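The primary structure of each chain is shown beneath.
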Amino acid sequence: MPSATDPRALPEEVEVAIVGAGPAGLAAATRLRERGVASVAVLDREPAAGGIPRHCGHFPFGLREFHRLLRGPDYASRLVARAAAAGAAIHTGTTVVGIAPGPRLLLSTAGGRGELAARRVLLATGVRETSRASRLIGGDRPLGVVSTGALQSLVYLGGKRPFQRPLILGTELVSFSALLTCRHAGMRPVAMVEANPRMTARRFAAALPRLFGVPLHLSTEIAAIHGRRRVEGVTLRRADGGTFELPCDGVVVTGAFTPEATLARLGGLDLDPGTGGPVIDQFGRCSDPAFFAAGNLLRPVETAGWSWQEGVAAGDVLAESLAGRLVPAGRLVRVFADHRAIKLALPQRLALPAHRDGMARLQLRLARPVRGSLVMRDVGGEIWRQRLDGLPERRILVPLAGFIDRISGDTLTLSIDETA
Ligand SMILES: Cc1cc2nc3c(=O)[nH]c(=O)nc-3n(C[C@H](O)[C@H](O)[C@H](O)COP(=O)(O)OP(=O)(O)OC[C@H]3O[C@@H](n4cnc5c(N)ncnc54)[C@H](O)[C@@H]3O)c2cc1C
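Because the structure is a prediction, the values reported are computed rather than measured.

Caption draft 1: Inspection of the overall build of the protein chain at higher detail. Across its full length, the protein chain holds eight helices and 26 strands. If you line up the protein chain on its principal axes, its C-alpha atoms span 60 × 60 × 40 Å. By the burial criterion, 52% of the 420 residues in the protein chain qualify as buried. Positive and negative side-chain charges in the protein chain, numbering 53 and 38 respectively, have mean positions lying 5 Å apart.

In structure tokens, the structure reads:
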């Protein structure tokens, strides 16, 4: 696999350039080569390809892709091997620092700067967790406050144990990934803390704290972190305003993901404030139609298997686009979420008429528990309605085939009728 520390090792021009060698980017690269696309380059800033799973030394990865349960690093290696065997060129140690119409990519490696032209670009840059600072947690600034990603790098890639008795903030799926990482390294978390009255993750993960004897504090937030040099404890605040102290020697700030959309923003692509990712149509096509997006860059946050599947679909769409068979970005319908309980909806635009490739379903997430009906309206009034009984952060999927051919006008409004 080429490692492009010298930018001269990179080609000057390829059919498709893919930014990000995680499950989505690697799946797309494999698919593109399987579809006969001549030159596919995958670029990643990390020293090795594989994306986030490379750092997750625990199960379960790979069921959808390899029909077996794998640890993250084994899963990542298999994805890399499959893409390389298909003939994709994977360039690690290569950061894409800019995108421009053409399309063109501006690259930075340890050996200098470079430029790459492509007929199409797929952005598959994933998500990151939001930091302590952006969650407005007060107190001291001692060592020992880390994200799950940093914890996993330290433990699985660095063989380190940064603390013994940390507190885990959050109850998303990734929070349990942090819990498993702590267990793997022999650390015993003092507690898990969740600001909401119920856990965010599904029930199977929710059993883990009890199983491992880790107390769970719901409706509780971190009021302050204490410690002069290293973390010594936290002040926790319950929903009723009462506070209590909990000694610990580290804090793992988990989840609250945000798409890694810096390149899309710098490149002037339209962004969606709901998802935090680029605005796309059902083909993953961005506001500049030479750029496409797939994987967790589209929204926070899905599993590796889901992102991989989106990568495969993106490979098909890109192959169709290169062959001139994709519906032109002609008639575009804007998907507009007109209810505060709808946290995000994607794709944000629908290109008509419909085409067999691309996303088959609209993806929605709620900001709070909702019971009622999900309603779609266009210029002529209501065109679709379905019962909705949903929880925050759970995947809600609506088949496009149920309504796409009925849309008239240029806006599809999504709403929730809570009285139904
Ligand atoms: C800390 C953490 C733990 C997680 N744990 C799990 C888990 O246990 N199970 C699970 O199913 N999911 C987990 N996830 C979700 C994870 O996002 C998906 O599993 C999956 O990795 C998404 O694939 P992707 O290809 O979209 O992005 P990623 O796997 O994130 O890959 C994106 C790649 O893009 C590269 N990149 C970004 N910007 C640039 C740039 N400018 N130039 C070059 N390269 C760039 C990155 O280096 C990275 O390798 C976790 C996520 C995080 C952040």
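Caption draft 2: Broad picture of the pattern of salt bridges. Per the stated rule, a full pass over the model turns up 21 salt bridges. For E115, the salt bridge identified is with R104, shortest N-O distance 2.7 Å. Residue E115 is found in strand 6 (residues 112-123), and its partner R104 is found in strand 5 (residues 104-109); the two are separated by eleven residues along the sequence. Linking R365 and E302 is a salt bridge whose minimum nitrogen-to-oxygen distance equals 3.0 Å. Here R365 is found in strand 22 (residues 361-366), whereas its partner E302 is found in the loop between strand 18 (291-293) and helix 8 (304-322), with 63 residues between them in sequence. Neither residue differs from the other here; R365 and E302 are each classed as buried.

Caption draft 3: Inspection of the sheet that holds strand 22 at higher detail. Taken in spatial order, the three strands make up an open sheet running 20-22-25, and their pairing is antiparallel. Both edges of this open sheet fall to strand 20 (342-346) and strand 25 (396-399), since each of them pairs with a single strand only. Averaged over all adjacent pairs, the angle separating strand axes in this sheet is 20°, with direction ignored. Two elements, strand 20 and strand 22, share four bridges in a ladder whose sense is antiparallel. Bridge pairing in strand 22 places L346 opposite Q363.

Caption draft 4: View of the layout of surface pockets. Considering only enclosed or pocket space, the second largest pocket measures out at about 320 Å³ in volume. In this structure, the second largest pocket is lined by 20 residues; those nearest its centre are E310, A313, G358, M359 and A360. Secondary-structure elements contributing two or more residues to the lining of the second largest pocket are strand 18, helix 8 and strand 22.

Caption draft 5: Examining the pairing of strand 4 (residues 94-100) more closely. Of all seven residues in strand 4, five are buried; the element is thus mostly enclosed. Relative to strand 5, strand 4 runs antiparallel, the two sharing six bridges. By the bridge assignment, T94 is partnered in strand 5 with T109. The turn linking strand 4 back onto strand 5 is made up of three residues, and G102 within it adopts a positive phi angle of 145°.

Caption draft 6: Structural context of the site of the ligand. Within the structure, the ligand sits among 38 residues, and A24, D44, I52, N296 and A304 are positioned closest to it. In the environment of the ligand, an oxygen atom lies 3.4 Å from a nitrogen or oxygen atom belonging to the side chain of S177. Protein chains bury 93% of the 980 Å² of accessible surface belonging to the ligand in isolation. Counting residues per element, the ones that place at least two in the shell around the ligand are helix 1 (23-34), strand 4, strand 7 (127-129), helix 4 (148-157), helix 5 (173-184) and helix 8. Its residues placed into classes, the shell around the ligand shows 17 nonpolar, 16 polar and five charged.

Each value, and the rule that gives it
Residues numbered from 1 in each chain as written. Predicted model: local features only at pLDDT ≥ 70, side-chain atom pairs only at ≥ 80, totals over all residues. Heavy atoms only, no water. Helix = DSSP H or I, 4+ residues; strand = E, 2+ residues; numbered from the N terminus. Buried < 20%, exposed > 50% of the residue type's maximum accessible area, 1.4 Å probe, protein only. Lys, Arg positive; Asp, Glu negative; His and termini not counted. Charge placed at Lys NZ, Arg CZ, Asp CG, Glu CD. Salt bridge = Lys/Arg side-chain N within 4 Å of Asp/Glu carboxyl O. Pairing = 2+ DSSP bridges. Axes fitted to C-alpha atoms, helices over the stretch in contact; angles between N-to-C directions. 1 Å grid on protein atoms, 1.4 Å probe; cavity = no way out; pocket = protein on both sides within 12 Å on 5 of 7 lines; lining within 4 Å. Points joined across faces, edges and corners; volume = space filled by probe spheres on them. Near = heavy atom within 4 Å. Polar contact = N/O pair within 3.5 Å; in protein donor to acceptor, adjacent residues only side chain to side chain. Areas by Shrake-Rupley, 256 points an atom, 1.4 Å probe, with all protein chains shown as cover. Nonpolar A, V, L, I, M, F, W, Y, C, P; charged D, E, K, R; others polar.

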